[in-house]
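Coordinate analysis (summary)
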Amino acid sequence: MLAPDLAADARILWRLLRGQPKSGGHAERLQAFYAPQADRYDAFRARLLHGRQELIERLDLQPGDRVVELGCGTGSSLARIGERAAQLASFDMVDLCPALLEVARQRAAGHDHVRVIEADATTWQPEQAVDCVFMSYALTMIPDWSRVIANTQAMLAPGGRIGIVDFHLPEDGSRIGNALWRQWFGHDGVHLSAKHLPMLRQMFTERSCAEQRASVPYLPGLRAPYYLFVGERQARLPER
Ligand SMILES: C[S@@+](CC[C@H](N)C(=O)[O-])C[C@H]1O[C@@H](n2cnc3c(N)ncnc32)[C@H](O)[C@@H]1O
């Protein structure tokens, strides 16, 4: 993990306090929000976005798998997948924000079968069905999140896995606690919901699920709720 750099943290915190711009389209707002933070994105998020390595382990990636990450940001999952990445048949990293994708491209250089793709996760589809699609802390940033879940189901081969790690509003969370987190994250365009996990459970066969809490930089004593879900696409999709 990169060492905290207080000056760089102050710059990121200032952006977070200003919040995501309210005007412009979704892609424009992402670019305006992330471009000034792109160089220190990874160092700060390493202390905020927990469970990302655990998700990769839970995905049980196999040599020859075709894998997609939606909302890949700077492509830091490539480091978390590590040596296993070279054995995948393909790894497509998709995001809508050019500033973060620029960092992802630098990371992916030299990995022949890794593609970095600028596209919208609600509509983008790979050329052929894939074995695994995962998302870390992206679903809460996509206003039309249910479309992403449906789009993921459509790109998975029968038996293919979906993996999600993200913040949420837990069923057993207190009303005040949930309201605080909804407000805190919503300012930065991160929309916590109690509906994500039920929809994932409804659309996929659950392989594993864990609900946890973890620290937030510069908010001592507070622990934000997040979940890890791994599911499987059924052999036959129900009629829609
Ligand atoms: C909180 S960041 C997480 C990035 C990365 N997965 C990580 O764990 O560091 C959320 C990401 O979702 C991306 N995103 C938001 N809406 C998107 C969309 N409609 N299509 C693709 N990516 C999107 C953002 O650009 C951003 O990179």
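Use the structure listed above.
The structure contained in this document is the topic of the report that follows.

Right, let's talk about the overall build of the protein for a bit. Looking only at helices and strands, the protein has 9 helices and 7 strands in total. Whereas a compact globule of 240 residues would reach a radius of gyration of roughly 18 Å, the protein reaches 17 Å, a difference of no more than 12%. For the protein, the spread of C-alpha atoms along the principal axes amounts to about 45 × 45 × 35 Å. Residues classed as buried in the protein amount to 33% of the 240 residues present. Residue pairs in contact within the protein that sit at least 24 positions apart in sequence constitute 73% of those at least 6 positions apart.

Note on placement: Glu 211 falls in strand S6 (residues 205-215). When the 15 C-beta atoms within 10 Å are taken as the criterion, Glu 211 is described as partly exposed. Note: C-alpha distance between Glu 211 and Phe 229 (18 residues apart in sequence) is 8.7 Å. Here Glu 211 is in contact with Pro 170, Pro 225 and Tyr 227, once residues within four sequence places are set aside.

Now for the site of the ligand. In the vicinity of the ligand lie 22 residues, with Gly 71, Gly 73, Cys 97, Ala 121 and Ser 136 positioned nearest. For the shell around the ligand, a count of residues per class yields 13 nonpolar, 5 polar and 4 charged.

With that out of the way, let us pick up unusual backbone geometry. At Asp 60, a residue that is not glycine, the phi angle is positive and equals roughly 55°. Among the structural elements, Asp 60 can be located in the loop between helix H4 (52-59) and strand S1 (66-70). You can call Asp 60 partly exposed: it has 13 C-beta atoms within 10 Å. The backbone of Tyr 137 shows a phi angle near 55°, a positive value even though the residue is not glycine. Among the secondary structure elements, Tyr 137 is positioned in the loop between strand S4 (130-136) and helix H7 (145-155). On the basis of neighbour count, Tyr 137 is assigned to the buried category, with 20 C-beta atoms found within 10 Å.

A few words now on the sheet that holds strand S3 (residues 114-118). The strands making up a sheet associate through backbone hydrogen bonding, with each pair oriented either parallel or antiparallel. Taken in spatial order, the 7 strands line up as S3-S2-S1-S4-S5-S7-S6 in an open sheet, and their pairing is mixed. Here the strands that pair on one side only, and so sit at the sheet edges, are S3 and S6. Each strand axis lies, on average, 15° off the axis of its neighbour in the sheet, ignoring direction. Here 5 bridges tie S1 to strand S2 (residues 90-95), and the two strands are oriented parallel to one another. Each residue of the ladder has a partner; that of Val 68, found in S2, is Asp 92.

Pairing of S2 with S3, which is carried by 5 bridges, proceeds in the parallel orientation. By the bridge assignment, Asp 92 is partnered in S3 with Arg 115. For the crossover that starts at S2, traverses helix H6 (residues 98-108) and ends in the parallel S3, the hand is right-handed.

Here we take up the pairing of strand S5 (residues 156-167). The two faces of a sheet get side chains in turn, since along a regular strand they alternate between them. Most of S5 is tucked away: 9 of the 12 residues are buried. Sheet topology note: the S4/S5 ladder contains 6 bridges and is parallel. Within S5, the residue paired with Val 133 across the bridge is Ile 162. In this fold, S4 hands off to H7, which returns the chain to S5; that crossover is right-handed. As paired elements, S5 and strand S7 (residues 223-232) share 7 bridges and run antiparallel to each other. By the bridge assignment, Ile 164 is partnered in S7 with Phe 229.

Rules and cut-offs
- Residues numbered from 1 in each chain as written.
- Predicted model: local features only at pLDDT ≥ 70, side-chain atom pairs only at ≥ 80, totals over all residues.
- Helix = DSSP H or I, 4+ residues; strand = E, 2+ residues; numbered from the N terminus.
- Rg over C-alpha atoms; globule rule 2.2 N^0.38 Å.
- Buried ≥ 20, exposed ≤ 12 C-beta atoms within 10 Å, placed from the backbone.
- Contact = placed C-beta atoms within 7 Å.
- Near = placed C-beta within 6 Å.
- Nonpolar A, V, L, I, M, F, W, Y, C, P; charged D, E, K, R; others polar.
- Pairing = 2+ DSSP bridges.
- Axes fitted to C-alpha atoms, helices over the stretch in contact; angles between N-to-C directions.
- Right-handed = clockwise from strand over helix to strand, strands pointing away.

Scope: geometric values only; no functional claims are made or implied.
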